[in-house]
Amino acid sequence: MFLKHAVFLCIMFTYNITFIVAPDKEQELIDYLKTDILPKVTDPNVSNNNISIKKLIEAGGEKPTPDHGLSIAMAMDFLSEDNAVLWHDNVLLPALQDFNCRFGKEAIFFITLLQKIL
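Cut-offs used in this document
Residues take numbers from 1 onward in each chain, read along the sequence in its written order. The predicted origin of the model limits local features to residues at a pLDDT of at least 70 and limits the giving and counting of side-chain atom pairs to 80 or more, whereas totals for whole chains, interfaces and linings rest on all residues. The side-chain figures draw on all heavy atoms in the structure; neither hydrogens nor water molecules are used. Secondary structure elements follow DSSP: runs of H or I no shorter than four residues count as helices, runs of E no shorter than two count as strands, and numbering proceeds from the N terminus. The cut-offs for exposure are 20% and 50% of the maximum accessible area for each residue type, with area from a 1.4 Å probe on protein chains only; residues under the lower value are buried, those over the upper are exposed, and the others partly exposed. In this charge count, Lys and Arg are treated as positive and Asp and Glu as negative; neither His nor the chain ends contribute. A carboxyl oxygen of Asp or Glu within 4 Å of a side-chain nitrogen of Lys or Arg is what we treat as a salt bridge. Side-chain atoms alone can form a polar contact between residues adjacent in sequence; in general such a contact is a pair of N or O atoms within 3.5 Å, and within protein one must be able to donate a hydrogen while the other accepts it. For two strands to count as paired, DSSP must find a minimum of two bridges between them. Angles shown run from 0 to 180 degrees and are taken between the N-to-C directions of axes, each axis being a line fitted to C-alpha atoms and, for helices, limited to the stretch in contact. Two residues qualify as a contact provided that any one of their heavy atoms is within 4.5 Å of a heavy atom in the partner residue. Two axes enter the bend calculation: one fitted to the seven residues ending at the residue in question, the other to the seven starting there, and the bend is the angle between them. Definition of nonpolar core: a set of buried residues of the types Ala, Val, Leu, Ile, Met, Phe, Trp, Tyr and Cys, connected through side-chain atoms within 4.5 Å. Aromatic rings from Phe, Tyr and Trp, with only the six-membered ring used for Trp, were paired whenever their centres fell within 6.5 Å, and each pair was classed as stacked if the ring planes differed by under 30 degrees, edge-to-face if by over 60, and tilted otherwise.

Description of the side chain of Asp77
Structurally, the position occupied by Asp77 is in strand E3 (residues 70-78). There is no salt bridge for the buried Asp77, and the closest opposite charge comes from Lys54, which lies 8.6 Å off by N-O distance. A polar atom in the side chain of Asp77 sits 2.6 Å from the side chain of Thr14. Reaching out from Asp77, the side chain makes a polar contact with the side chain of Asn50 at a distance of 2.5 Å.

Here's what the structure looks like:
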């Protein structure tokens, strides 16, 4: 039990990439993330490969509607800021260029780097 918590406490940084697409593109985006993006961004040399993909259900008390974009967030954990930045520059950015070519003006994304403080 202690070892499980000790490993968890070592994760210090998380890159979060939120993709926003039209609601009718949800399954296409999920399939694309699974088959194209995940294999490209999973790099054991710079990440512990703790990755998650989540769908936004509600923001600020509002649920997405057909008039708004659907948000899917992908988060990848890192043990150091240097490894996170290395991954961003060398692995993530080329994958996101591919994403832009695939979805073009039909989608946007934003990226945040988070540091664990507690």
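Still to come is the rest of the account.
Structural notes on the sheet that holds strand E2 (residues 51-55)
Each strand in a sheet pairs with its neighbour through backbone hydrogen bonds, running either in the same direction (parallel) or in the opposite one (antiparallel). The antiparallel open sheet is built from 4 strands, whose spatial order is E2-E3-E1-E4. The open sheet has two free edges, formed respectively by E2 and strand E4 (107-115), since each of these has just one partner strand. Looking at each pair of strands side by side, their axes are set apart by 15 degrees on average, direction ignored. Pairing geometry for strand E1 (residues 13-21) and E3, over 9 bridges, is antiparallel. In the strand pairing of E3, Ile20 is matched with Ser71. Sitting on the sheet, helix H2 (residues 26-41) is in contact with E1, E2 and E3, with an inclination near 20 degrees to E3.

Thoughts on helix H3 (residues 81-103)
At Leu92, H3 shows its largest kink, close to 40 degrees, and the proline Pro94 lies no more than four residues downstream. Every buried residue of H3 is accounted for by Ala84, Trp87, His88, Val91, Leu92, Ala95, Leu96, Phe99 and Phe103. Lining the buried residues of H3 we find E1, H2, E3 and E4. One or two steps after H3, the chain reaches Gly104, where phi turns positive at roughly 50 degrees.

Structural notes on the nonpolar core
Ranked by internal contacts, the top residues of the largest apolar core, which has 24 residues, are Ile17, Phe19, Leu29, Ile37, Val41, Trp87 and Phe99. Breaking this core down by element, the ones donating at least two residues are E1, H2, E3 and H3. Considering each element in turn, this core owes the most residues, 8 residues, to H3. Sequence-distant contacts of Val41, defined by excluding residues within four places in its chain, comprise Ile51, Met74, Met76, Trp87, Val91, Leu92 and Ala95.

Looking at the environment of Ile53
By the element assignment, Ile53 lies in strand E2. Along the backbone, Ile53 and Asn16 are 37 residues apart, and their C-alpha atoms lie at a distance of 9.6 Å. Those residues in contact with Ile53 that sit more than four places away from it in its chain are Leu33, Leu38, Ile72, Ala73 and Met74.

A few points about the packing of aromatic side chains
One pass over the full model with this rule turns up 9 aromatic pairs. With a centroid separation of 5.8 Å and 45 degrees between ring planes, the pair formed by Tyr15 and Trp87 is classed as tilted. A residue pair is termed long-range when its members are at least 10 positions apart, and Tyr15 in strand E1 and Trp87 in helix H3 qualify at 72 residues. Residue Tyr15 is classed as buried on the basis of its relative accessible area, which comes to 7%. A relative accessible area of 0% places Trp87 in the buried class. Centroid distance Tyr32 to Phe103: 5.5 Å. Interplanar angle 80 degrees. Geometry classified as edge-to-face. In this pair, Tyr32 is assigned in helix H2 and Phe103 in helix H3, connecting sequence segments 71 residues apart. Ring-pair connections join several aromatic residues into one group, and the members of that group are Phe19, Tyr32, Phe99, Phe103 and Phe109.

By themselves, these figures tell us nothing about what the structure is for.
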